Amino acid sequence: MLREKFSSGLAVFFATLGSAVGLGNIWKFPYLIGQFGGGAFLLVYLLCIVFVGLPIMLGEFYIGRKMRRNAVGAIAALAPNTAWKHIGTMGVGASYFIMFFYSCVAGWVYFYLFKALCGDFSAITMESAKAQFGATIVNPVTPVIWQGVVLAVVATILAMGVSKGIERITKTLMPLLFILVILCDIRALTLPGAFEGVHFLFDVDFSKLSAVAILTAMGLAFFKLSLGMGTMITYGSYFTNDNNLFATSLKVALSDTLISILAGLAVFPTVFSFGLEPGAGPGLLFMTIPLVFSQMPFGGILLIAFFFLAAIAATTAMLSLVEVPIAYMAEERGVSRPKAALFNAVLIFAIGVLATWSVDKDSLLGYMTFMGRGFFDWFDYLSSNVMLPLGGLLIALFIGYRVDRADVERELSNGGSLAVSGLLSFYFFAVRYVTPALLIIIFLNSVGIIKL
Ligand code: PHE
């Protein structure tokens, strides 16, 4: 069977950006910045993107495009009969862990879109915003239904294939997302007291940093750029031969970061203007956005548009998450795409409901905690803070020390046709020394073996 590919450089860019941009930008990024106190966390995050994220993204692109196979198969073919292929296996595992909780939050977004369509937010106040969100997440039925809807949508698009499914959807919807975030910003920044929020986001106060904050910022960098688990290997395997991988990684990382910051600029001015708590946690987005648009002309329509686009972002990111096991099952196990899509949707739903039922202490399974965390928090913590950085570390070591350097140079320079020799030396220095060292230091710091 002929393997599918994206049709152009633009398609590569939008699909990859579609994977990177997701709930990470509009939901996780603002609430983590809120919890960990603003600018200093943002700075550590940006450093992680540059020194850890970009080198690993390029490494994943190399593996994928060179081998033109799924994450497990590509690594296994590059280093036959070695344990390296388990980077891919762990990646498939991590993609499930993420999907278990991601599908839950995506379900909230779909539900909020539905509520916006019904005009449920027309008379919203700070108290009612909080109360509505609280009631939504502890309800044992509604969020589970929406989680199922999300998974059905994702499985249907994926069953259609790479170019008819992933490419078509991301190319149409990513530009729209950008425009909508900007509209939200304009509104949020013109609220009374908005600039307190801007200060919160950009003022750097290092005394607020802790070992957990640094680990979380790094985990967020991985999560944001979809790294350390084979997504970028899988997508890289669909890239065109003449794509400039350096340029793509840079464009994706920059655009993604810009969208996160724009989302922060929509959320924090609102938080301060309405006197909400910046550290409110996972509900932050769902309480602020309805407030941003309340009592303004056309607010109802903008609110629908915003949640529609949040739903798009969540969906396109999920396409790339579920594509990891689908590509694996299709290529290594000979399962057809539609069957693999259905199987994965059912599996994710079956375990994902545990996340949905354990979000809050008042949830159905809210009493089931293990060392202080319920299922939702464990799936999130283990994937972002452990599996992705560990996968990333192994990928950096694999590229830096295991594979043939000349081969990497050939792939990243498109067979020598791109003048990137300076960049390549810099790249190898980063991937051999800087990236692994930083990852190891942050790990050791987080378990308390060393103190930053
Ligand atoms: N990058 C996505 C987001 O920010 C999440 C994601 C993680 C997608 C890992 C694919 C792989 O929402």
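Look up a bit, the structure's there.
Note that the coordinates shown come from a computational prediction; the quantities given were computed from them, not determined experimentally.

### Comments concerning the environment of Thr16
Topologically, Thr16 is positioned in helix α1 (residues 9-20). Expressed as a C-alpha distance, the spacing of Thr16 and Met90, which sit 74 residues apart in the sequence, is 21 Å. If we ignore the near neighbours within four places in the chain, the residues touching Thr16 are Phe61, Met232, Tyr235, Phe239 and Val252.

### Some details on the pattern of salt bridges
Two side chains of opposite charge can pair, provided their charged atoms sit close to one another. The final tally for this structure, using the stated rule, is eight salt bridges. Among the salt bridges present, the one from Asp407 reaches Lys66, with a minimum N-O distance of 3.0 Å. In this pair, Asp407 sits in helix α17 (residues 405-412) while Lys66 sits in helix α3 (residues 39-67), placing the two residues 341 residues apart along the sequence. Judged by relative accessible area, Asp407 falls into the buried class, the value being 10%. Across the pair Lys224 and Asp256 runs a salt bridge, and its minimum N-O distance is 3.3 Å. In this pair, Lys224 sits in helix α10 (residues 211-224) while Asp256 sits in helix α12 (residues 245-273), placing the two residues 32 residues apart along the sequence. Put simply, Lys66, Asp407 and Arg410 are held in one network by salt bridges that share partners.

### Examining the environment of Trp378
Examined against the element boundaries, Trp378 turns out to sit in helix α16 (residues 375-402). Along the primary structure Trp378 and Phe101 are separated by 277 residues, whereas in three dimensions their C-alpha atoms are 9.3 Å apart. With residues up to four places along the chain from it excluded, the contact list for Trp378 reads Phe370, Met371, Arg373 and Ser383.

### Describing unusual backbone geometry
With phi around 55°, Asn81 is a residue other than glycine that occupies positive phi space. With respect to the helices and strands, Asn81 occurs in the loop between α4 (71-78) and α5 (86-117). Judged by relative accessible area, Asn81 falls into the exposed class, the value being 82%. With phi around 50°, Met371 is a residue other than glycine that occupies positive phi space. Tracing the backbone shows Met371 in the loop between α15 (337-356) and α16.

### Examining the packing of aromatic side chains
For the coordinates displayed, the defined rule picks out 35 aromatic pairs. Ring plane angle 50° and centroid distance 5.4 Å describe the contact between Phe200 and Phe272, whose orientation is recorded as tilted. Of the two residues, Phe200 is situated in helix α9 (residues 194-202) and Phe272 in helix α12; the sequence distance between them amounts to 72 residues. Over the aromatic face of Trp378 sits the side chain of Arg373, whose NZ or CZ is 5.1 Å from the ring centroid. Cation over ring: Arg373 sits above Tyr381, and NZ or CZ is 3.9 Å from the ring centre.

### What to know about α15
Over its 20 residues, α15 extends 27 Å from the first C-alpha to the last, a length consistent with the 28 Å expected when each residue adds 1.5 Å. For α15, the principal kink sits at Ala350 and spans about 30°. Residues of α15 that are buried: Arg337, Ala340, Ala341, Asn344, Ala345, Ile348, Gly352, Val353, Ala355 and Thr356.

### Observations regarding the site of the ligand
Around the ligand, the surrounding shell holds 16 residues, and the nearest of these are Ala20, Gly24, Tyr102, Phe223 and Lys224. Between a nitrogen atom of the ligand and a main-chain N or O atom of Ser19, the distance comes to 3.1 Å. Lys224 places a polar side-chain atom, nitrogen or oxygen, 2.5 Å from an oxygen atom of the ligand. Look at the ligand: alone it shows 330 Å² of surface, and the protein chains cover 100% of it. More than half of the atoms belonging to the ligand lie within 2 Å of the grid points that define the largest cavity. Put simply, the parts of the chain that give the shell around the ligand at least two residues each are α1, α2 (23-36), α5, α10 and α14 (299-332). In terms of residue class, the shell around the ligand is built from eight nonpolar, seven polar and one charged.

Basis of the calculations
Residues numbered from 1 in each chain as written. Predicted model: local features only at pLDDT ≥ 70, side-chain atom pairs only at ≥ 80, totals over all residues. Heavy atoms only, no water. Helix = DSSP H or I, 4+ residues; strand = E, 2+ residues; numbered from the N terminus. Contact = heavy atoms within 4.5 Å. Salt bridge = Lys/Arg side-chain N within 4 Å of Asp/Glu carboxyl O. Buried < 20%, exposed > 50% of the residue type's maximum accessible area, 1.4 Å probe, protein only. Phe/Tyr/Trp six-rings, centres within 6.5 Å; stacked < 30°, edge-to-face > 60°. Lys NZ or Arg CZ within 6 Å of the ring centre and 35° of its normal. Expected span 1.5 Å × (residues − 1). Bend = angle between axes of the 7 residues up to and from the residue. Near = heavy atom within 4 Å. Polar contact = N/O pair within 3.5 Å; in protein donor to acceptor, adjacent residues only side chain to side chain. Areas by Shrake-Rupley, 256 points an atom, 1.4 Å probe, with all protein chains shown as cover. 1 Å grid on protein atoms, 1.4 Å probe; cavity = no way out; pocket = protein on both sides within 12 Å on 5 of 7 lines; lining within 4 Å. Sits in = over half its atoms within 2 Å of the grid points. Nonpolar A, V, L, I, M, F, W, Y, C, P; charged D, E, K, R; others polar.

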